[in-house]
Amino acid sequence: MLYLMVGNYHDVQIAMQRSTENQFRLLMTMSLWAFLFGVLMGWKSLYTIIFDKRIKVNWLLVPAVILAIISFIPRVYWLVWFSRDIPFFIEMFLLPETQILLTAFSGLLFIQSLDGKQS
């Protein structure tokens, strides 16, 4: 999965340099790979959800969904919406590394919120 994400990152860099139309699709695909990587990082919770069929939703679902929605927005849109007056908390979404980390973290939070046990 990391190999696919890194390969997609290189495609995004090439698309950004050439200003092609498929950069938005590539950015969404890279965010999806990072989200799935975050879900797989919570493999114990994923195991209990799939094989034990025990789903218990807890309060982490709300921040996980909000963070996932925010981190799936391509960074090009952040620049269009805020132009030069970018708040400091939005600047973290302009760097691809931090955006990928936050997307993976939202996947981890999401799978932990479905497990329901407090650890």
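Note that the structure is a prediction, hence the values are computed from the model and not measured. (Residues numbered from 1 in each chain as written. Predicted model: local features only at pLDDT ≥ 70, side-chain atom pairs only at ≥ 80, totals over all residues. Heavy atoms only, no water.)

Looking only at helices and strands, one finds six helices and zero strands in the protein. Mapped in sequence order, the helices and strands of the protein form the string α-α-α-α-α-α. Taking all contacts inside the protein whose residues are at least 6 apart in sequence as the whole, residues at least 24 apart take part in 72%. Split by element, the accessible area of the protein, about 7600 Å² in all, is 70% carbon and sulfur. (Helix = DSSP H or I, 4+ residues; strand = E, 2+ residues; numbered from the N terminus. Contact = heavy atoms within 4.5 Å. Areas by Shrake-Rupley, 256 points an atom, 1.4 Å probe, with all protein chains shown as cover.)

Looking at the element boundaries, isoleucine 66 is found in helix 4 (residues 61-72). Judged by its relative accessible area of 46%, isoleucine 66 is partly exposed. Along the backbone, isoleucine 66 and serine 106 are 40 residues apart, and their C-alpha atoms lie at a distance of 8.5 Å. (Buried < 20%, exposed > 50% of the residue type's maximum accessible area, 1.4 Å probe, protein only.)

The subject of this paragraph is the packing of aromatic side chains. Applying the stated criterion across every chain yields a total of three aromatic pairs. On the numbers, 6.0 Å between centres and 65 degrees between planes, the contact of phenylalanine 35 with phenylalanine 72 is edge-to-face. A residue pair is termed long-range when its members are at least 10 positions apart, and phenylalanine 35 in helix 2 (residues 23-41) and phenylalanine 72 in helix 4 qualify at 37 residues. Exposure remark for phenylalanine 35: the relative accessible area of 15% places this residue in the buried category. Overall, the relative accessible area of 18% leaves phenylalanine 72 in the buried class. Judged by centre distance (4.9 Å) and plane angle (50 degrees), the rings of tyrosine 47 and phenylalanine 51 are tilted. Exposure remark for tyrosine 47: the relative accessible area of 47% places this residue in the partly exposed category. An aromatic cluster is present here, built from Phe35, Phe72 and Phe110 joined pairwise through their rings. (Phe/Tyr/Trp six-rings, centres within 6.5 Å; stacked < 30°, edge-to-face > 60°.)

This part is about helix 4. For helix 4, spanning 12 residues, the distance from its first C-alpha to its last is 16 Å, which sits close to the expected 16 Å at 1.5 Å a residue. The set of residues buried in helix 4 consists of Ala64, Leu67, Ala68, Ser71 and Phe72. Projection of helix 4 onto a plane perpendicular to its axis shows the buried side chains occupying an angular sector of 120 degrees, all on one side. Opposite the packed face of helix 4, turned more than 90 degrees from it, sit the exposed residues Val62 and Ile69. (Expected span 1.5 Å × (residues − 1). Arc of directions from axis to C-beta.)

Within the secondary structure, leucine 26 is located in helix 2. Taking relative accessible area as the criterion, leucine 26 reaches 8% and is therefore assigned buried. Taking the C-alpha atoms as reference points, leucine 26 and alanine 15, separated by 11 residues in sequence, lie 8.4 Å from one another.

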